[in-house]
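What follows is the residue order along each chain.
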Amino acid sequence: MTTPESPSPRAAAETKPQSEDAAPRALQRAFAAIVRWRWLVLALYALILPPAAWMATRVVQDNAIDRLITTSDTDYVRTREFEQVFGSGEFAVVLAEADDPFAPAVLERLDKIERALKDVPRVEANSALSIFRRAKAGFEATPESAAAFRAFVGGTDLFKKQGLAGDGYLAIALILDVHDTAQRRETLTAVQRAIDAAGGAGPPLKALRQVGQPYVNKYLDDDMQRGGPRYFGLFAVFVVVLNLILYRSARTLVAFLATLGTCVALMMGYIGATGGILTIVSPMVPMTILVTATASLVYLQSRFVERPAGRDVDEHQVFSLANKFVATTASIFATAVGFAALAVSDIQPVRQMGIWVAVGLVGTWIVVFTLFPALQKVLKTPTALERKVAAAWFLRLTAGLPRWSYRYRWPLVLGSLALSALGAIALFGLPGVVKPMQLLTNPVEYINKKEPLFKDTQLLAEKLPGLSVTEIWLKSSSVGAVSEPDVLQGLNDFHKALEGDPQVGSAVGPTTILRMMRYIGGAGDKFPEDAEELDALAGDLESLVPVDPMLGRFVQKHSLSQTHFTILSKATEHEAFDRLEKSIRGHWDAAVQKNPALKSFELRTAGMAPLQARVSQSLVPTLVESFELTVAIIFVTFLIVFRSGAARIMAMIPSLFAILVMFGVMRVAGMTLNVATILIASTVLGTSENDQIHFFYHFQEGRKTGSVEQALRHTLFVSGRAIFFATLINAGGFLAFGMADLPPIREFGLLSALAFVLSMIADFTALPAALWLVFRQKPDALSAGTGDTAEHATT
């Protein structure tokens, strides 16, 4: 049997229901007023934009790990309280490598570097050489002094345990008292100048490596500032090219660009006005605004250009705006509320991103339905009657999709369900078979693997005891408790237990400083056990805390009631830190049981390692809770917009299919979840559901007077091309992030683009196929018993 000829685009247009011309009169009057008062609208935006742009310039970038935690978080508050007692700072290491690190020429270079660093504001430097210099009242790089220093370092294991000396290297530990991006950049620049002025990394050194938290933060700050213009520049080029290809009008392009620029300026102005600080995930905020606004403009303009012959252009503009108002409004607000669901996250940038995008999308909705119509009228953007639009081939393609999707409805639906199930297993795992997807929050993992900083950090991870800092804060209500002999003995027992723990790289505390003082004084590096020696040591502690800077960093100066141990470890993820913390508390309980004098102390953990672990711990709730809320909110939106129960459920099929398959691709490609990729599910669901809202809005519009096939043809004619190009815009916008140097941002861009394309494919395949199954109808020719009935009998 022969297949009936697919209807032409013109024929497809004729399938639209006559009732669609009856757009709500109230909306038509409102849009008629906006168009009529277009110059007043433009004047209002001209007044608003300058202050918004000025506020946008106040927004700064800071990618420090503590920016990822909400300020109300327990670990964050505890760390800030700890810093008020003992001071704050970011930890870094300058490590000098040489064949013989104790050679006079090497020590001379290291001595010059450390002296230069001590003159840099906000920098505290400490090394085995500086300790030797204080002990011997000076240092000169002579063979005799070099030999004495070699013997001094080799006479104890204190320096090796602290990572200050090892095979082939000597290290300088730095604490930078910096609190924002500007201070960090200024201080690290001064550090580099000091190192260069002292001779730098040249011979006799083999290498001079600089690693640690401030270097990672500065790298992330610099990369985000460099990458931002590139990401958005690429998106602008994409919009220009796509707009000219699709609408072939410079005037339409100007209307698009002016509207998009206004949307972003208002959103960034809001961030600046509220004191917002951009972080590693913040570029997604303006990009989400841009792609959502652009997609909305494509829907409006695509409806506008399809002006029937004989209809007045002003009348058609008002009609097209009113006709697309409900679907566009529903899609924008569903996206806004979906992103607002991210406010449940304990990760500060994720929470801010959700709120910023939600507020920005409300502003976008206002701009799209006020500024854009005014620009359409002022610029006289042409319709298809004045200038033929592109992609007529797409209309011919979609005309045949309804019957094709009917023929392959079962394979399409079952195949999409199977792929979705595999994606769910890739994300959540299968007990006893597949482990859940791995989570990473170590900032070092955000660095390009080809960068020297990443290579140096990985190399030094094998030499140093670790770069993850945990502070063990011990608080007592008794004044002078730290200087009690029994307490000092108990602290030493606790310290020895920490040093013997394989999870602990190094532990430095008050007993470390006291042992070092005894070693310098010639009494050996062993902690005294004799009662008289302990009494004498306690007296020394009381007298030295106010004057010795090193001891003062570990014991509260005024009341001597608080102290702490600084632990360096390799615990960077939640599970590793959880094991470390349990081990720490186990050692403390054993020390208290052995030394009852410690009972007055309360143990708390603070520092960057707990904060980093908190980020890791918060990633899964961020993914699950925000995703569940987004699904629920969008479902409620569909409940309001659509009457059909089937539509409410099936409208989410393409987005869920795309998200789950995307996670499967992540698993196959060996990618991991991080602070950026964790956002893909909510981002894609919140953005791609726009297509499904427009799809079902016009499907129901077609079902009022037609069959399923007629409704599908009407839907694809009215919104199919817009869905196709809106998807290209969504995918192209996020694909710009694929050019990023930072792996999380690059992966976020590539995976988001893939998910948008998968969602569009499902829009045109699995979704129509599911509709055929739910409504239990056949194509019109088959229902009438004509055409290729026999051919389809087996389907």
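Read on for an overview of the structure. Computed from a predicted model, the values in this text were never measured in an experiment.

1. Some remarks on the pairing of strand β6 (residues 207-212)
Phase 1: Extensive coverage of β6 is indicated by the burial of six of its six residues.
Phase 2: Side chains Ala 207, Arg 209 and Val 211 project from β6 onto one buried face, and the interleaved Leu 208, Gln 210 and Gly 212 project onto a second face that is buried too.
Phase 3: Pairing of strand β2 (residues 90-97) with β6, which is carried by six bridges, proceeds in the antiparallel orientation. Residue pairing in the sheet places Leu 95 in a bridge with Arg 209 of β6.

2. As for the packing of aromatic side chains
Phase 1: Inspection of the entire model under this criterion finds 29 aromatic pairs.
Phase 2: Each ring, one from Phe 82 and one from Phe 86, has its centre 5.1 Å from the other, and the planes form 40°; the classification is tilted. Here Phe 82 and its partner Phe 86 are both found in helix α4 (residues 74-86), four residues apart, which amounts to about one turn of the helix. Summarising the burial analysis for this pair, Phe 82 and Phe 86 share the class buried.
Phase 3: By way of ring pairs, the aromatic residues Phe 102, Phe 132, Phe 139, Phe 149, Phe 152, Phe 159 and Tyr 519 are connected into one cluster.
Phase 4: For the cation-ring pair, Arg 311 lies above Phe 319, with the distance from its terminal atom to the ring centre recorded as 4.6 Å.
Phase 5: Sitting over the face of the ring of Trp 473, Arg 604 holds its NZ or CZ atom 5.5 Å from the ring centroid.

3. Details of unusual backbone geometry
Glycine aside, the phi torsion of most residues is negative, and most peptide linkages are trans.
Phase 1: In this structure, the amide linkage connecting Pro 203 to the following residue, Pro 204, adopts the cis form with an omega of 15°.
Phase 2: Mapped onto the elements of the fold, Pro 204 is located in the loop between α9 (181-197) and β6.
Phase 3: One non-glycine residue, Leu 560, lies in the positive phi region at around 55°.
Phase 4: Within the element layout of this structure, Leu 560 appears in the loop between α21 (549-552) and β10 (562-569).
Phase 5: For Leu 560, a relative accessible area of 10% corresponds to the buried category.
Phase 6: Backbone geometry places Arg 776, a non-glycine residue, at a positive phi of 55°.
Phase 7: With respect to the helices, strands and loops of the structure, Arg 776 is situated in the loop between α29 (766-775) and α30 (780-783).
Phase 8: Arg 776 sits in the exposed class, given a relative accessible area of 76%.

4. Observations regarding a nonpolar patch on the surface
Phase 1: A cluster of nonpolar residues, Trp 37, Leu 40, Leu 44, Leu 47 and Ile 48, forms a patch on the protein surface that exposes about 540 Å² of accessible area.
Phase 2: Note on placement: Leu 44 falls in helix α3 (residues 38-56).
Phase 3: A residue is classified by how much of its surface remains accessible, and Leu 44, at 45% relative accessible area, is partly exposed.

5. Topic: the pattern of salt bridges
Pairs can form between side chains of opposite charge once their charged atoms are near each other.
Phase 1: According to the stated counting rule, one finds 24 salt bridges in the structure shown.
Phase 2: The residue Lys 496 makes a salt bridge to Asp 493 at a minimum N-O spacing of 4.0 Å. In this pair, Lys 496 and Asp 493 both sit in helix α18 (residues 485-499), three residues apart, roughly one turn of the helix.
Phase 3: Owing to a relative accessible area of 45%, Lys 496 belongs among the partly exposed residues under this scheme.
Phase 4: Overlapping salt bridges, with partners in common, bring together Asp 157, Lys 161, Glu 499 and Arg 515 in one network.

6. Focus: a negative patch on the surface
Phase 1: Taken together, the side chains of Glu 484, Asp 486, Asp 530, Glu 532, Glu 533, Asp 535 and Glu 542 make up a negatively charged region of the molecular surface.
Phase 2: Ranked by residues supplied to the negative patch, first place goes to helix α20 (residues 531-544) with four residues.

7. Quick notes on the nonpolar core
Phase 1: By size, the foremost hydrophobic cluster in this structure holds 178 residues, and its most contacted members are Phe 31, Leu 117, Phe 149, Phe 159, Leu 174, Phe 663 and Ile 745.
Phase 2: For this core, the leading source of residues is helix α12 (residues 284-305), giving 14 residues.
Phase 3: Discounting chain neighbours no more than four positions away, the residues touching Ile 745 are Met 224, Tyr 231, Ile 280, Met 284, Ala 676, Phe 737 and Ala 740.
Phase 4: Among the nonpolar cores identified, the runner-up in size contains 38 residues, and Val 482, Leu 488, Phe 527 and Phe 577 belong to it.

8. Structural notes on the sheet that holds β10
Phase 1: Spatial ordering of the open sheet is given by β9-β10-β8-β11, a layout of four strands whose pairing is antiparallel. Each edge of the sheet is formed by a strand with only one pairing partner; in this case those strands are β9 (506-508) and β11 (601-606). Between one strand and the next, the sheet's axes are offset by a mean angle of 20°, whatever the strand orientation.
Phase 2: In terms of strand pairing, strand β8 (residues 468-476) meets β10 through eight bridges, oriented antiparallel. Residue pairing in the sheet places Ser 468 in a bridge with Ser 569 of β10.

Here is what the cut-offs are and how they apply
- Residues numbered from 1 in each chain as written.
- Predicted model: local features only at pLDDT ≥ 70, side-chain atom pairs only at ≥ 80, totals over all residues.
- Heavy atoms only, no water.
- Buried < 20%, exposed > 50% of the residue type's maximum accessible area, 1.4 Å probe, protein only.
- Helix = DSSP H or I, 4+ residues; strand = E, 2+ residues; numbered from the N terminus.
- Pairing = 2+ DSSP bridges.
- Phe/Tyr/Trp six-rings, centres within 6.5 Å; stacked < 30°, edge-to-face > 60°.
- Lys NZ or Arg CZ within 6 Å of the ring centre and 35° of its normal.
- Patch = residues over 30% accessible without salt bridge, like charges linked within 9 Å, V, L, I, M, F, W, Y side chains within 5 Å.
- Areas by Shrake-Rupley, 256 points an atom, 1.4 Å probe, with all protein chains shown as cover.
- Salt bridge = Lys/Arg side-chain N within 4 Å of Asp/Glu carboxyl O.
- Lys, Arg positive; Asp, Glu negative; His and termini not counted.
- Charge placed at Lys NZ, Arg CZ, Asp CG, Glu CD.
- Core = buried A, V, L, I, M, F, W, Y, C linked by side-chain atoms within 4.5 Å.
- Contact = heavy atoms within 4.5 Å.
- Axes fitted to C-alpha atoms, helices over the stretch in contact; angles between N-to-C directions.

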